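# Observations on chain architecture
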Amino acid sequence: MKPILYVARPLPGGALAPLEALFEVRTGDGPLRAGAVPDAARGATTLVVTYLDRVDAALLGAFPALRHLASYGVGVNHIDLAECRRRNILVTNTPGILTDATADHAMALLLAAARRIAEGDRVIRAGGWTSSAPGWMLGTEVTRKTLGIVGFGRIGQAVARRAAGFEMKVLYTGPREVPFPGARRLPLEALLAESDFVSLHVPLTPDTEHLLSAERIARMKPGAILVNTARGPVVDDAALAGALGSGRLAAAGLDVFPREPAVPEAYLALPNVVLTPHLGSGTRETRAAMARMVLEEVARVARGEPARHPVA
Ligand code: DGY
């Protein structure tokens, strides 16, 4: 009898056939949740999950034979890592390959928020473009402005490289100096006070939950624009919606939310928020590369080789 591999969702661009030599391969098409484990998943020794699946202690309890949890994506905040360690389950992810797609998306949101792209599109579709005036629908200039990057890892640095094309001055926060030409490391409060644009690139951990608290949002420069392609809970949504509603912040571009796919009501009513449904890594090329990487890792571990992307 072969061990059971359960792949929780279809992964475009990922070939499951080569894994059939190693596993009994079973697939699902929906969320994996404690209390709603599909029959096909029972008995799995290897699970492929996505950030949409909440892998908590209760879910892990339903998989007593589990040895390898392979997560499609880089963020691991949806996984109870301590419980995995306790149960001796190897956790792997797919780092590196979604850096460029996510940085592109952050820049797309930054530009869309600054230049009112989504709002302009809505105005035209609603028949609202009946005349123009020099002062109508003005946005915020991007070129040569200051961009504060909160979290200067792979994705943060990729955003900085893109910002260089707009001659932006780059500030960043992070635990250590990064030798990045022209970029200056600052404490978070100072960065918020100086930046015209702030883009978030920290993982979600207990330390970064509500990192952008009401107090810190209040320290942001008046008229600043916030971009979040990291994780929803990094921001205090009520405080951000308040600052956007009052006009103290000019706009925001948000790709991530605390309880996806739900989006906080307050944002839906604000014309100066550009919303996308967690599309940071959502290009055909990147999603296929993620699928290949996660499935190669599954095969590697099943052959008894060391994992290439274990999560510490
Ligand atoms: C990740 O990999 O963490 C992304 O958010 C998924 O697109």
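Bear in mind that the values here come from a model prediction, so they are computed numbers and not experimental data. (Residues numbered from 1 in each chain as written. Predicted model: local features only at pLDDT ≥ 70, side-chain atom pairs only at ≥ 80, totals over all residues. Heavy atoms only, no water.)

On to the sheet that holds strand β9 (residues 197-200), then. Spatially, β8-β7-β6-β9-β10-β11-β12 is the arrangement adopted by the seven strands of the open sheet, whose pairing is parallel. Since the sheet does not close on itself, it has two edges, and those belong to β8 (184-185) and β12 (273-275), each with one partner. The pairing of strand β7 (residues 169-173) with β8 spans two bridges and is parallel. When the bridges of β8 are listed, Tyr172 appears paired with Arg185. (Pairing = 2+ DSSP bridges. Helix = DSSP H or I, 4+ residues; strand = E, 2+ residues; numbered from the N terminus.)

Here we take up the site of the ligand. Close to the ligand lie Tyr51, Gly73, Val74, Gly75, Leu98, Arg231, His278, Ser281 and Arg287. Here an oxygen atom of the ligand and a side-chain polar atom of His278 are 2.7 Å apart. Calculation on the ligand without its partners gives an accessible area of 230 Å², and the protein chains cover 92% of this total. (Near = heavy atom within 4 Å. Polar contact = N/O pair within 3.5 Å; in protein donor to acceptor, adjacent residues only side chain to side chain. Areas by Shrake-Rupley, 256 points an atom, 1.4 Å probe, with all protein chains shown as cover.)

Burial analysis of strand β3 (residues 44-50) places seven of its seven residues in the buried class, the great majority of the element. Where strand β1 (residues 4-7) lies against β3, four bridges are found, and the strand directions are parallel. Bridge pairing in β3 places Leu5 opposite Thr46. Summarising the sheet, β3 and strand β4 (residues 68-72) pair through five bridges and their orientation is parallel. Note that in β4 the partner of Val48 across the bridge is Ala70. (Buried < 20%, exposed > 50% of the residue type's maximum accessible area, 1.4 Å probe, protein only.)

The next subject is the domain arrangement of the protein chain. When cut into domains, the protein chain gives domain 1 (4-97 + 284-302) and domain 2 (99-275). Taken over C-alpha atoms, the centre of domain 1 sits 32 Å from the centre of domain 2. Contact residues are listed per partner, giving seven residues for domain 1 and six residues for domain 2. Carbon and sulfur atoms supply 46% of the area buried between domain 1 and domain 2, which totals about 580 Å² over both sides. When the buried surface of domain 1 facing domain 2 is broken down by residue, Tyr51, Asn77 and Gly96 rank first, second and third, together holding 61% of it. (Domains from an automatic or database assignment. Contact = heavy atoms within 4.5 Å. Buried area = accessible area lost by both parts, 1.4 Å probe.)

Next up on the list: the nonpolar core. Leu200, Leu226, Leu240 and Tyr267 are the most contacted members of the largest nonpolar core, which has 31 residues in total. Breaking this core down by element, the ones donating at least two residues are α6 (188-194), β9, α8 (237-246) and β11 (251-254). Take this core: its biggest share by element is five residues, from α8. For Leu200, the contacting residues outside a window of four places in its chain are Val150, Leu212, Leu226, Val227, Asn228, Thr229, Ala230, Val234 and Val235. (Core = buried A, V, L, I, M, F, W, Y, C linked by side-chain atoms within 4.5 Å.)

So, about a nonpolar patch on the surface. Where nonpolar side chains cluster on the molecular surface, the patch consists of Ile124, Trp129 and Trp136 and spans about 350 Å² of accessible area. With respect to the helices and strands, Trp129 occurs in the loop between α4 (117-125) and β6 (146-150). (Patch = residues over 30% accessible without salt bridge, like charges linked within 9 Å, V, L, I, M, F, W, Y side chains within 5 Å. Salt bridge = Lys/Arg side-chain N within 4 Å of Asp/Glu carboxyl O.)

Bringing the pattern of salt bridges into the picture now. Inspection of every chain in the model, using the stated rule, returns 16 salt bridges. Among the ionic pairs, Lys169 bridges to Glu194, the shortest N-O distance being 4.0 Å. Taken as a pair, Lys169 in strand β7 and Glu194 in helix α6 lie far apart in primary sequence, 25 residues in all. Its relative accessible area of 30% is what places Glu194 among the partly exposed residues. In this structure, the salt-bridge partner of Arg303 is Glu305, at a minimum N-O distance of 2.9 Å. Note on Glu305: relative accessible area 35%, which makes it partly exposed. Overlapping salt bridges, with partners in common, bring together Glu83, Arg86 and Arg87 in one network.

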